[in-house]
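Close look at the chain arrangement
Each chain is listed here by its residues.
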Amino acid sequence: MGSTGYTCIRRTFCSFNILIWLCGSGFLAIGVWLHFAYPGYATLLPDHAVLSADCMFITVGVISFVIAFFGCCGSWFQSRCFLVIYFTLVVLLFLSEFLLGSLAFVFRGGIGRMLTQELKYGIEKHYNISDRGGFLTPSVAAIWDNLQVDLQCCGVSSYEDWYDISAWPGERWVPQSCCRSHYGSLQYGAIEGSGDESPALNVDCRKAGNPTLLWDKGCGQILQMWFVQRLHIVGTVVLVIGFLQLFGLISSMLLFCTVKHKRSSKTYKSYSPTVDTTLNRNGTSGTYMDD
């Protein structure tokens, strides 16, 4: 391979890893900030800290930072050792993703039931109507209220998931976000065009105990449908990640082989600015003779 191709591969590989390194640093900084500024927020599974937003950002940031670091060092210093470490880490990452994806597909039924139980447990033990969290990191209560309003659902499986929770023990209440838009206020009664001429009653929808005033679908079912309808987006993201990993593997191996060839070949010296072996006016390398 000529010097031009070698330089192109080296610069492209180095630029690629610098970009990944910067992205990883950004994810790591966001995760650390979330961890110290808003501990315990931004998760629907409070008892599983590893699935919280801050831990997710920190994990992705650390992995990206470490892998890109070895890639940049291997390219910049032309180190075969760093390139081998980079290649090994990317292979291990790919195998881990494949293993986790396979396990998730095989045990998808059990994982779904486990997530449903954990979401219900989060509602029962960690829903606090007075704790709203922050703008970027809302609390469990804020997340559930926004989710139910946006998706027009109530609870994980049904509105009964809100009965007798720690926020209102012994009561068959639901959050205000479970109320249909017609009954969002404290009054409900006659609806225009319904034929019901009964006067409006001053009743709190969330405490009325009337299922007809609430959203009839659980959020779990609607979220599942939402995810299925966007599988093409998930597939595109997976393909992009796989392409980036494949590009890293191929370019690191090309650079590894090129560095090995350059160091073992005599032509490698011809590219050094301090040694000129190409000019030979009399058939003898490195010597000049006057005409």
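Residues numbered from 1 in each chain as written. Predicted model: local features only at pLDDT ≥ 70, side-chain atom pairs only at ≥ 80, totals over all residues. Heavy atoms only, no water.

For clarity, the cut-off: UniProt positions are given in the numbering used here, feature names are shortened, and annotations may be inferred rather than shown by experiment.
The name that an unreviewed UniProt entry assigns to the protein chain is Tetraspanin, with the source organism given as Anopheles dirus. Recorded in UniProt for the protein chain, the comment headed Sequence similarities (unreviewed entry) runs: "Belongs to the tetraspanin (TM4SF) family." The record held by UniProt for the protein chain lists under Subcellular location (unreviewed entry) the comment "Membrane".

1. Some details on the packing of aromatic side chains
The condition is simple: Centres within 6.5 Å make a pair out of two Phe, Tyr or Trp rings, where for Trp the six-membered ring is used; the pair is then stacked when the planes are under 30 degrees apart, edge-to-face when over 60, and tilted otherwise. For the purposes of this entry, the term helix denotes a DSSP run of H or I that reaches at least four residues, the term strand denotes a run of E that reaches at least two, and both are numbered from the N terminus.
Applying the stated rule across the entire model yields eleven aromatic pairs. Between Phe13 and Tyr86 the ring centres are 5.2 Å apart and the planes differ by 85 degrees, which places this aromatic pair in the edge-to-face class. Separated by 73 residues along the polypeptide, Phe13 in helix H1 (residues 3-37) and Tyr86 in helix H3 (residues 80-106) bring together distant segments of the chain. Residues Phe16 and Phe247 carry aromatic rings whose centres are separated by 5.0 Å and whose planes lie at 70 degrees to one another, so their mutual orientation is edge-to-face.

2. Quick look at the state of the cysteines
Put plainly, two cysteines are in a disulfide when a covalent bond ties their sulfur atoms together. Which entries qualify depends on this criterion: Any two cysteine sulfur atoms within 2.5 Å of one another count as a disulfide. The buried label applies to any residue whose accessible area, calculated with a 1.4 Å probe on protein chains only, is under 20% of its type's maximum; exposed applies above 50%, and partly exposed to all values in between.
Per the stated rule, a full pass over the model turns up three disulfides. Between the sulfur atoms of Cys154 and its disulfide mate Cys178 the distance is 2.1 Å. Handedness of the Cys154-Cys178 disulfide follows from its S-S torsion of about 90 degrees: it is right-handed. Here Cys154 is found in the loop between helix H5 (140-151) and strand S1 (187-188), whereas its partner Cys178 is found in the loop between H5 and S1, with 24 residues between them in sequence. Across this residue pair, the class does not change: Cys154 and Cys178 are buried. Note on cysteine connectivity: Cys179 is disulfide-linked to Cys205, with sulfurs 2.3 Å apart. Between Cys179 and Cys205, the S-S dihedral sits near -120 degrees, and the bridge is therefore left-handed. With a gap of 26 residues between them, Cys179 in the loop between H5 and S1 and Cys205 in the loop between strand S2 (201-202) and helix H6 (219-229) connect regions that are remote in the sequence. On the accessibility criterion, Cys179 (6% relative accessible area) is buried.

3. A word on the UniProt feature "transmembrane region" (unreviewed entry) in the protein chain
The positions that UniProt labels "transmembrane region" (unreviewed entry) are, in the present scheme, residues 12-36, 56-77, 84-107 and 233-259. With 100% helix and 0% strand, residues 12-36 has its two end C-alpha atoms placed 37 Å apart. Taken end to end, residues 233-259 is 100% helix and 0% strand, and its first and last C-alpha atoms sit 39 Å apart.

4. Observations regarding the confidence of the model for the protein chain
The cut-off we apply is this: For every residue, the predictor reports its confidence as pLDDT, a number between 0 and 100.
This prediction gives the protein chain a mean pLDDT of 76; 73% of its residues lie at or above 70. Within the protein chain, H3 carries the highest mean pLDDT (89), whereas S1 carries the lowest (42).

5. Comments concerning the pattern of salt bridges
As a reminder of what qualifies: Any Lys or Arg side-chain nitrogen found within 4 Å of a carboxyl oxygen on Asp or Glu counts as a salt bridge.
This structure, assessed with the given rule, holds three salt bridges. Note that Lys125 is salt-bridged to Glu124, the shortest N-O span being 3.8 Å. A residue is classified by how much of its surface remains accessible, and Lys125, at 44% relative accessible area, is partly exposed. Given the relative accessible area of 32%, Glu124 is considered partly exposed.

6. Looking at the packing of helix H2 (residues 53-76) against H3
Stated formally: Lines fitted to C-alpha atoms define the axes, with helix axes restricted to the stretch in contact, and inter-axis angles between N-to-C directions lie between 0 and 180 degrees. Roughly parallel refers to an angle under 35 degrees, roughly antiparallel to one over 145, roughly perpendicular to one between 65 and 115, and oblique to any angle outside these ranges. The handedness criterion is simple: a crossing whose near helix is rotated anticlockwise from the far helix by less than a right angle is left-handed, and one whose near helix is rotated clockwise is right-handed. Note on contacts: a residue pair qualifies if any of its non-hydrogen atoms lie within 4.5 Å across the two residues. Classification convention: Asp, Glu, Lys, Arg as charged; Ala, Val, Leu, Ile, Met, Phe, Trp, Tyr, Cys, Pro as nonpolar; all other residues, Gly among them, as polar.
Packing of H2 against H3 leaves a shortest axis separation of 8 Å and a crossing angle of 150 degrees. Our classification of the angle between H2 and H3 gives roughly antiparallel. The handedness of the crossing between H2 and H3 is left-handed. In this structure, H2 contributes Ile63, Val66, Ile67, Phe70, Gly71, Cys73, Gly74 and Ser75 to the contact, and H3 contributes Phe82, Leu83, Ile85, Tyr86, Leu89, Val90 and Leu93. Taken together, the residues of the contact of H2 with H3 break down into twelve nonpolar, three polar and no charged.

7. What to know about a nonpolar patch on the surface
To keep things clear, this is the line we draw: Without a salt bridge and with relative accessible area above 30%, a residue can belong to a patch; like charges are then joined within 9 Å and nonpolar side chains (Val, Leu, Ile, Met, Phe, Trp, Tyr) within 5 Å. With residues, only the protein chains shown are counted as cover, and all accessible areas are computed by Shrake-Rupley using a 1.4 Å probe.
On the surface, a nonpolar cluster with roughly 750 Å² of combined accessible area is contributed by Leu99, Leu103, Phe105, Val106, Phe107, Ile111, Met114 and Leu115. Elements represented by at least two residues in the nonpolar patch include exactly H3 and helix H4 (108-126). Per element, the largest residue contribution to the nonpolar patch is four residues, and it comes from H3. Along the chain, Leu99 turns up in helix H3.

8. Here's the deal with the nonpolar core
Basically, it comes down to this: We define the nonpolar core as a collection of buried residues of types Ala, Val, Leu, Ile, Met, Phe, Trp, Tyr and Cys that are connected through side-chain atoms lying within 4.5 Å of one another.
Tyr127, Trp144, Trp162, Val174 and Leu214 are the most contacted members of the largest nonpolar core, which has 24 residues in total. Ranked by the residues each element gives to this core, the list is headed by H5, at four residues. Core analysis: the next-biggest nonpolar cluster, separate from the first, contains 13 residues, Phe13, Ile67, Phe70 and Leu255 among them.

9. Quick look at the layout of surface pockets
Using the following cut-off: A cavity here means a set of points on a 1 Å grid, drawn over the protein atoms and nothing else, where a 1.4 Å probe fits but cannot get out; a pocket is an open set with protein on both sides within 12 Å along at least five of seven lines, and a residue lines either one if it has an atom within 4 Å of a point. Grid points are joined across faces, edges and corners, and a volume is the space filled by probe spheres set on the points.
In this structure, the largest pocket occupies an estimated 2000 Å³ of space. The wall of the largest pocket is formed by 48 residues, among which Gly101, Ala104, Phe227, Val234 and Val238 lie closest to the centre. For the lining of the largest pocket, the secondary-structure elements that each account for two or more residues are H1, H2, H3, H4, H6 and helix H7 (231-264). Broken down by element, the lining of the largest pocket gets its largest block of residues, eleven residues, from H3. When grouped by side-chain class, the residues that make up the lining of the largest pocket number 33 nonpolar, 13 polar and two charged.

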